[in-house]
Every structure is written in C-alpha cells, then in structure tokens.
Amino acid sequence: EDEEAEEESLRALELNPGSSEEHRRYARLLLQLDRHDESVEQARRAVELDPLSIQSRASLGDALWWAGDWQGTVTESRKLIEMAPNNAYAYYNLGYGHAMQGHEEEAIEAFRRSVELDPTDPLNRVGLAWAWARAAERDSALAVLEGVPAEASLIKEIAIVYGELGDLDTAYEYLYMAVEEDPGSIGTLRTDHSADPLKADPRYSDLLSRVGLEP
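Below: a short report on this structure. If you're wondering where the values come from, they're calculated on a predicted model, not measured in any experiment.

### Quick notes on the overall build of the chain
In terms of regular secondary structure, the chain is built from 13 helices and 0 strands. Reading the chain from its N terminus to its C terminus gives the helix and strand order α-α-α-α-α-α-α-α-α-α-α-α-α. Since a compact globule built from 215 residues should have a radius of gyration of about 17 Å, the 17 Å found for the chain is in line with a globular shape. With respect to the principal axes defined by its C-alpha atoms, the chain has extents near 50 × 40 × 30 Å. For the chain, restricting intrachain contacts to residue pairs at least 6 apart in sequence, the fraction spanning at least 24 positions comes to 52%. With the model as given, the accessible surface of the chain reaches about 10,500 Å², and the carbon-plus-sulfur share is 45%. Positive and negative charge centroids in the chain, built from 20 and 44 side chains respectively, lie 4 Å apart.

In structure tokens, the structure reads:
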C-alpha cells in the first residue's frame, strides 16, 4: 500500500516536476513513512517552486519538526506568519519549535495565539496544555485540558500531555483507548519527539505490539 502510494507520487512528479503541489504531497507521504530527511527535501522543493504557497510553507514547518530541526520549525513558522498573520497552524508549529528548545514562555505565547485565532480546533488547546506541562505548570495544563473532547484524533495528543506531567497511568489509559479509536496514531508515537516521556514505560512495547509494530 505504501509502495503503491509512493509509486503514484513519483509518477506524478515525473509528469510534472515543476509542480509545487506534487512535491508537497510527496513530502506529506514521506513524513507518514517516517522518512523525515527526504520529507524535508521535498517540502523545501515545494516552497522553492511556489514561495507564496501557505500550504507548502506549513508542510515545510511540519517536516522540519518531525526531522528534529526545532530552529528550522521556528524559522519557517515565522515566515508563514509574515505571509499569513492569522494562520493558527503557523503559531501551533511555532509553539512546538520553541518548546522543544526549552523556550517555554515563547511556546505558551504561540499556542495561546493559535487558540485565539482558531478556538474551534481543540488541537490548539491540547498544544497549549502541553506547553504548560513542559513548563511544569500542572494546574494550568489541566485547566486548559478540561472540556477538551476525547475525539479519536486527539486521544494520543491528550496522552502526551499527561506523559509530560509525569502521570503515566492516565497517559496509558488514553493510549490504550487510542488503540481502539485511532490505531494509526500509535504508529506516529514512535517518532513523535513530544512523546519521549512515555517511551521508557514498560507498557510502551505492549502498546506497539497491539497494533502490530516493533518499538
């Protein structure tokens, strides 16, 4: 299935090598396949071909984060904010880039802005809760999480907040729920840098094996 998707992307690029959108799509696919350096390369090419594309710039910020280039994430997110000052996702990525470098105040500020710009997307609130958790502000983190729905797409992210707070039992309750509701999200856990506090737990191997993955 993955091989087929990649063959399709490569064929599309062969037919239209100057298409920013095709490079961006291929970058997204490579990200899903955990081939992060290649994903960055394709995302950069997409931006080079269409520097004014908001989607391509956002994809590059994403790709850099998953590749572990926190400062690159910050740089690209700031460029995107210059282009689209009200883009909530740019602030969301900016928050993650700052937080992973230990810039807690800047991270909290960025996530706050993402919530202000798009209060309807609960993912922004989970990001803010995680930033508070990184700053060891437990009460603030839990206050932001309160009322966030345990929708399938959010379960893993909520678990990561509890992992950051050191509440591994609650984190794993959510992760086992994710196995049922959104098993694909467990795959992304392996290369998710924000999930590192969860990985030393003996339940981690069991969790992966339940969705047919190796640690």
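### Side note on the environment of D196
Within the secondary structure, D196 is located in the loop between helix 12 (184-189) and helix 13 (203-210). The class of D196 is partly exposed, set by a relative accessible area of 43%. Counting along the chain gives 125 residues from D196 to Q71, while the straight-line C-alpha distance between them is 19 Å.

### Describing the nonpolar core
One finds W130, I158, V161, L175, L189 and L198 to be the most contacted residues of the largest nonpolar core, which totals 51 residues. Apart from the residues within four sequence positions on either side, L198 is in contact with A159, I160, G163, L168, A171, Y172, L175, L189 and Y204. With 8 residues, the next largest nonpolar core counts A58, Y91, L94 and A110 among its residues.

### Re the packing of aromatic side chains
Geometry of an aromatic ring pair is reported as the spacing of the ring centres plus the angle between the planes. The full count for this structure, using the stated rule, is 11 aromatic pairs. Ring centres of F111 and W130 lie 6.3 Å apart, and the angle between their planes is 85°; on these two criteria the pair is classed as edge-to-face. On the criterion of sequence distance, the pair formed by F111 in helix 7 (residues 104-117) and W130 in helix 8 (residues 122-134) is long-range, its members being 19 residues apart. For the pair F111 and W130, one class covers both residues: buried. Judged by centre distance (5.7 Å) and plane angle (10°), the rings of Y162 and Y174 are stacked. Note that Y162 is positioned in helix 10 (residues 152-164) and Y174 in helix 11 (residues 168-181), a separation of 12 residues in sequence.

### Considering the packing of helix 2 (residues 20-32) against helix 4 (residues 54-66)
Between helix 2 and helix 4, the shortest axis-to-axis distance is 10 Å and the interhelical angle comes to 25°. Looking at the two axes, helix 2 sits roughly parallel to helix 4. The handedness of the crossing between helix 2 and helix 4 is left-handed. Packed against helix 2, whose contacting residues are S20, E21, R24, R28 and L31, the element helix 4 presents Q55, S56, S59, D62, A63 and W66 at the interface.

Parameters at a glance
- Residues numbered from 1 in each chain as written.
- Predicted model: local features only at pLDDT ≥ 70, side-chain atom pairs only at ≥ 80, totals over all residues.
- Heavy atoms only, no water.
- Helix = DSSP H or I, 4+ residues; strand = E, 2+ residues; numbered from the N terminus.
- Rg over C-alpha atoms; globule rule 2.2 N^0.38 Å.
- Contact = heavy atoms within 4.5 Å.
- Areas by Shrake-Rupley, 256 points an atom, 1.4 Å probe, with all protein chains shown as cover.
- Lys, Arg positive; Asp, Glu negative; His and termini not counted.
- Charge placed at Lys NZ, Arg CZ, Asp CG, Glu CD.
- Buried < 20%, exposed > 50% of the residue type's maximum accessible area, 1.4 Å probe, protein only.
- Core = buried A, V, L, I, M, F, W, Y, C linked by side-chain atoms within 4.5 Å.
- Phe/Tyr/Trp six-rings, centres within 6.5 Å; stacked < 30°, edge-to-face > 60°.
- Axes fitted to C-alpha atoms, helices over the stretch in contact; angles between N-to-C directions.
- Parallel < 35°, antiparallel > 145°, perpendicular 65-115°, else oblique.
- Left-handed = near helix turned anticlockwise from the far one by under 90°.

Everything listed here is a matter of geometry and, on its own, says nothing about what the molecule does.
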